[in-house]
Amino acid sequence: MERYEIEWEQKGTHEEHLDVYNFKKKERAKEVKELEQKIENLAADVEAAESDIKALNQEKADAEKARDQVRESKEQAEKEFKHMEKQRNQLQSIINNINKELKNSGQIKLVLPEAGALELASTYRNKKIKPLFAKIKNYVAGLVAKVIELSRETEKWRDKYQQLKKDYNDLERILMQCCMIIKICQSSR
């Protein structure tokens, strides 16, 4: 070795020479340690998976509870929305009737009070016609205001209904995803 300038490397791991049986025994012991380590790692993975499944089951239960609450809110909003639509339709028919009466100006003349025999036109206008028109004007303005208010409220409920419907659909989608994940986790066991 010296002639070819080959040096002996000292590793400091001198082990005595083993026969075949003891060498195989030593190698099997190494394999057993490695397998035991793998078993411990797999056991830890199983515990982590089980805790994940428990957490997913809890999330599923929470999602189902939230879905039920949203469903109830949605149903309540639908009921209120239908009630508001009904009220709006009732007021709309009243407004339509008033508009029809205003178009038929001949019928309004029948409502006007008769002037007295010696009554002046200005007195008739100031004492009978103006108060009557003011009363009609106030009545129509009140109805219009109520229709506007109900229309706004209907829009508000429509928006709330749309939001609840969206929330419900989102929760239902999340719940379906949770169920699929749980099934996948359970089938991989």
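Residues numbered from 1 in each chain as written. Predicted model: local features only at pLDDT ≥ 70, side-chain atom pairs only at ≥ 80, totals over all residues. Heavy atoms only, no water.

Chemist: Looking at this model, I keep getting lost on the overall build of the chain. Mind explaining?
Modeler: Secondary structure assignment for the chain yields three helices and zero strands. Along the chain, from the amino end to the carboxyl end, the secondary structure elements read α-α-α. Every one of the 189 residues in the chain was classed for burial, and the buried ones make up 15%. Of the contacts made within the chain by residues no fewer than 6 positions apart, 73% connect residues no fewer than 24 positions apart. (Helix = DSSP H or I, 4+ residues; strand = E, 2+ residues; numbered from the N terminus. Buried < 20%, exposed > 50% of the residue type's maximum accessible area, 1.4 Å probe, protein only. Contact = heavy atoms within 4.5 Å.)

Chemist: Sorry, what's going on with the pattern of salt bridges here?
Modeler: Between side chains of opposite charge, pairing is possible as soon as their charged atoms come close. This structure, assessed with the given rule, holds eight salt bridges. A salt bridge links E31 to R28, with the shortest nitrogen-to-oxygen separation between them at 3.3 Å. Here E31 pairs with R28, and both are found in helix α1 (residues 20-103), just three residues apart, close to one helical turn. The shortest N-O distance in the salt bridge between E85 and R158 comes to 3.2 Å. (Salt bridge = Lys/Arg side-chain N within 4 Å of Asp/Glu carboxyl O.)

Chemist: How should the side chain of K74 be read in this particular structure?
Modeler: Its location among the elements puts K74 in helix α1. Put simply, K74 is tucked away with no salt bridge, and the nearest opposite charge, on E78, sits 4.3 Å away. Once residues lying within four places of it in the same chain are set aside, the contact partners of K74 are Y161, L164 and Y168. (Lys, Arg positive; Asp, Glu negative; His and termini not counted.)

Chemist: Is there a simple way to think about the confidence of the model for the chain in this case?
Modeler: Caution is warranted with low-pLDDT regions, since their predicted coordinates should not be read in detail. Overall, the prediction assigns the chain a mean pLDDT of 82, with 90% of residues at 70 or greater. No element of the chain has a lower mean pLDDT than helix α2 (residues 105-111), at 49, and none a higher one than α1, at 86. (pLDDT = per-residue confidence, 0-100.)

Chemist: Is there a simple way to explain the environment of A66 in this structure?
Modeler: Within the fold, A66 resides in helix α1. Through-space distance from the C-alpha of A66 to that of L175 is 9.9 Å; in sequence the pair is 109 residues apart.

Chemist: Can you help me understand the nonpolar core in this one?
Modeler: Among soluble globular proteins, nonpolar side chains are generally buried collectively. F81, M84, L91, I95, I98, L143, V147, L150 and W157 together form the largest nonpolar core, which totals nine residues. Where this core is concerned, the elements lending two or more residues are α1 and α3 (121-187). Per-element tally for this core: the top contributor is α1, with five residues. Those residues in contact with I95 that sit more than four places away from it in its chain are L143 and V147. (Core = buried A, V, L, I, M, F, W, Y, C linked by side-chain atoms within 4.5 Å.)

Chemist: I keep staring at the environment of L175 and nothing clicks. Help me out?
Modeler: Relative to the helices and strands, L175 resides in helix α3. Separated by 111 residues in the primary sequence, L175 and E64 have C-alpha atoms spaced 6.8 Å apart. Filtering out sequence-adjacent residues up to four positions away, L175 remains in contact with K60, A63, E64 and R67.

Chemist: Before we go on, may I ask you to explain the packing of aromatic side chains in this structure?
Modeler: The description of two aromatic rings rests on the distance between their centres and on the angle between their planes. According to the stated counting rule, one finds one aromatic pair in the structure shown. On the numbers, 6.4 Å between centres and 10° between planes, the contact of F81 with Y161 is stacked. Of this pair, F81 sits in helix α1 while Y161 sits in helix α3, and the two are 80 residues apart along the sequence. Here F81 and Y161 have matching classes, each one buried. (Phe/Tyr/Trp six-rings, centres within 6.5 Å; stacked < 30°, edge-to-face > 60°.)

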